[in-house]
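Each chain, letter by letter, is given below.
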Amino acid sequence: MAQDFRSVREAPAEGKRVLVRADLNVPLADGEIADDTRIKAALPTIQLLLKQDAKVILVSHLGRPKSRDELSMRPVRDRLARHLSVPVELAPGVVGEDVSASAAALEPGQVLLLENSRWEGGETQNDPGLASALGELADIYVNDAFGAAHRAHATTEGVAHNLPAYAGLLLERELSELTALRDDPKRPLVVALGGAKVSDKVGVLRRFLELADTVLIGGAMCFSFFRARGVSAGDSLVEEEGIGLAEEVLEAAEHSDCELLLPTDLVIADSFAADAERKEIDGIEVPDDWLGLDIGPETTKRYADAIADAGSVLWNGPMGAFEMEPFAAGTRGVAEAVASASGHTVVGGGDSAAALVAFGLDQEVDWLSTGGGASLELLEGKDLPGVVALKDDDAQEEDSG
Ligand code: ADP
Ligand code: MG
């Protein structure tokens with residue numbers, strides 16, 4: 001696919017105020033940053049701009065604040081400053097007179113971080129007034145927030161229409177990795193899908209039944225498939241809405257050239273707890289009062305073999321309740337297979353990424369996507385509003401017209 005938007009690498013940023021929408025939406029635990037992967041992933045674009053003596057103005061959302069007393073960007077500011085080894089000034093808000101004054105006072109090579117964009121109600125409503133106020137802070141806009149690109153918000157979409165707009169390095173890489181996998185994969189393409197709900201993944205599942213050579217199903221999701229075939233799932237986590245969807249997927253699989261594999265053995269437990277009684281069963285029928293919490297060793301082996309032989313691999317969603325060690329083996333087996341696969345490997349999904357990190361394998365895959373929902377929507381074939389807005393860049397049309 002030809003790239004029809006401009007890269008930050010071509011942006012005339014020297015001495016200019018550059019508004020960078022980054023994805024700094026890190027998980028917090030007791031006000032502390034629990035995982036700073038997203039901050040680290042945002043650094044290359046910021047560093048590129050600083051090298052060109054730009055005046056960098058960063059903006060991101062952080063969680064879902066109910067008021068301006070909640071979820072300040074302060075901890076993110078501190079961590080960013082540490083990684084960049086330059087001071088990062090925290091603005092007194094998102095927009096407004098004081099923020100404009102801070103932006104106007106920036107010198108080349110300095111960094112200003114705006115406050116949590118969701119402090120402004122207009123952010124999620126993509127309010128034109130907020131988008132234009134953001135536009136007035138800067139000369140150039142760069143969108144590097146791939147993880148938020150599936151949302152049409154003021155900082156991800158609206159403001160792109162008010163300034164010359166460019167794609168950041170992370171956003172570019174995410175798009176090229178994921179579209180290559182979707183549109184031109186090395187074969188055989190093996191897709192491993194797990195996680196909690198069929199409804200989260202059904203779009204991708206349908207898409208890859210048409211594109212992939214093999215789809216492997218694990219996680220709680222498999223119980224919707226078993227129920228669709230009339231097999232009892234005991235007390236396993238079953239999404240009722242997922243049963244009908246699974247039925248449709250099974251039907252579609254019959255008419256596709258893609259091989260859809262389901263578990264043939266399971267790890268079950270008598271409660272959802274690490275110290276529950278645990279059993280491996282050869283089969284998929286979960287007795288009453290038991291729950292299926294992982295794929296079994298035989299299934300894990302079968303899935304790992306398919307991954308080892310793949311030309312490319314997409315993995316999204318844990319194979320079981322891997323956060324509890326007794327139910328981590330299936331996810332670990334798939335993660336290890338992905339890590340050691342000779343094909344091109346791409347992993348998406350917040351919990352799958354967390355699993356890779358927990359197993360110490362996050363450096364062993366070719367691409368670990370930072371976007372959960374955004375990567376799924378892109379793989380499904382949907383347009384991402386934050387990316388479309390870069391293509392509709394008015395300044396770009398003037399240049400080329
Ligand atoms: P991702 O974030 O990678 O897309 P999901 O959010 O779809 O993944 O699902 C991850 C969650 O699903 C994990 O917290 C995991 O514990 C849970 N899970 C997977 N399999 C099971 C299962 N058999 N029973 C209960 N929970 C499960
Ligand atoms: Mg998740």
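Every value quoted in this text rests on a predicted model; they were computed, and no experiment measured them.

**Notes on the site of ligand 1**
- Contacts to ligand 1 come from 20 residues, most closely from K201, G292, E323, D351 and S352.
- With respect to ligand 1, the backbone of G292 contributes an N or O atom lying 3.1 Å from a nitrogen atom.
- Between an oxygen atom of ligand 1 and a side-chain N or O atom of E323, the distance comes to 2.6 Å.
- Isolated, ligand 1 exposes 580 Å² of accessible area, and the fraction of that covered by the protein chains is 85%.

**Some thoughts on the sheet that holds strand β6 (residues 111-113)**
- With respect to topology, six strands assemble into an open sheet ordered β5-β6-β4-β1-β7-β8, the strand pairing being parallel. Of all the strands in the sheet, the pair left with one neighbour each is β5 (88-90) and β8 (165-167). If you compare each strand with its neighbour and ignore which way they point, the axes differ by 25° on average.
- Where strand β7 (residues 140-143) and β8 come together, three bridges link them in parallel fashion. Paired with N143 across the two strands is A167, which belongs to β8.

**Some details on the packing of helix α9 (residues 297-308) against helix α10 (residues 329-340)**
- Running from N to C, α9 and α10 cross one another at 15°; their axes reach a closest spacing of 9 Å. Classified by the angle between their axes, α9 and α10 sit roughly parallel to one another. Seen along the crossing, α9 lies across α10 with a hand that is right-handed. Residue-level contacts link T300, Y303, A304 and I307 of α9 to A329, G330, G333, V334, A337 and V338 of α10.
- Residue classes in the contact of α9 with α10 are distributed as seven nonpolar, three polar and no charged.

**Notes on the sheet that holds strand β12 (residues 266-269)**
- Read across the open sheet, the three strands follow the order β13-β12-β14; overall the sheet is antiparallel. Taken across any chain shown, the strands that pair with only one partner, and hence form the sheet edges, are β13 (278-281) and β14 (291-295). The average undirected angle you get between the axes of adjacent strands in this sheet is 35°.
- Where β12 lies against β13, four bridges are found, and the strand directions are antiparallel. Bridge assignment links L266 to a residue of β13, and that residue is I281.

**Overview of the packing of aromatic side chains**
- Under the counting rule described, the total for this entry stands at one aromatic pair.
- Ring geometry for F223 against F226: centres 6.0 Å apart, planes inclined by 75°, an arrangement best described as edge-to-face. Here F226 and F223 lie together in helix α7 (residues 221-228), a separation of three residues that amounts to about one turn.
- Its relative accessible area of 2% is what places F223 among the buried residues.
- In this structure, K279 is placed above the aromatic ring of W290, and the distance from its NZ or CZ to the ring centre is 4.4 Å.

**A short note on the pattern of salt bridges**
- Counted under the stated rule, the structure contains 18 salt bridges.
- In this structure, K391 engages D4 in a salt bridge whose closest nitrogen and oxygen atoms are separated by 3.5 Å. Taken together, the residues span a long stretch of sequence, with K391 in helix α13 (residues 385-391) and D4 in the segment before β1 (17-21) at a distance of 387 residues.
- Where K301 meets D305, a salt bridge forms, and the shortest distance between an N and an O atom there is 2.9 Å. Residue K301 and its partner D305 are located together in helix α9, separated by four residues, close to a single helical turn.
- Overall, the relative accessible area of 51% leaves K301 in the exposed class.
- In this structure, a network of salt bridges that share partners links the residues D36, K40 and R79.

Quick notes on the rules
Residues numbered from 1 in each chain as written. Chains lettered and ligands numbered in written order. Predicted model: local features only at pLDDT ≥ 70, side-chain atom pairs only at ≥ 80, totals over all residues. Heavy atoms only, no water. Near = heavy atom within 4 Å. Polar contact = N/O pair within 3.5 Å; in protein donor to acceptor, adjacent residues only side chain to side chain. Areas by Shrake-Rupley, 256 points an atom, 1.4 Å probe, with all protein chains shown as cover. Pairing = 2+ DSSP bridges. Helix = DSSP H or I, 4+ residues; strand = E, 2+ residues; numbered from the N terminus. Axes fitted to C-alpha atoms, helices over the stretch in contact; angles between N-to-C directions. Parallel < 35°, antiparallel > 145°, perpendicular 65-115°, else oblique. Left-handed = near helix turned anticlockwise from the far one by under 90°. Contact = heavy atoms within 4.5 Å. Nonpolar A, V, L, I, M, F, W, Y, C, P; charged D, E, K, R; others polar. Phe/Tyr/Trp six-rings, centres within 6.5 Å; stacked < 30°, edge-to-face > 60°. Buried < 20%, exposed > 50% of the residue type's maximum accessible area, 1.4 Å probe, protein only. Lys NZ or Arg CZ within 6 Å of the ring centre and 35° of its normal. Salt bridge = Lys/Arg side-chain N within 4 Å of Asp/Glu carboxyl O.

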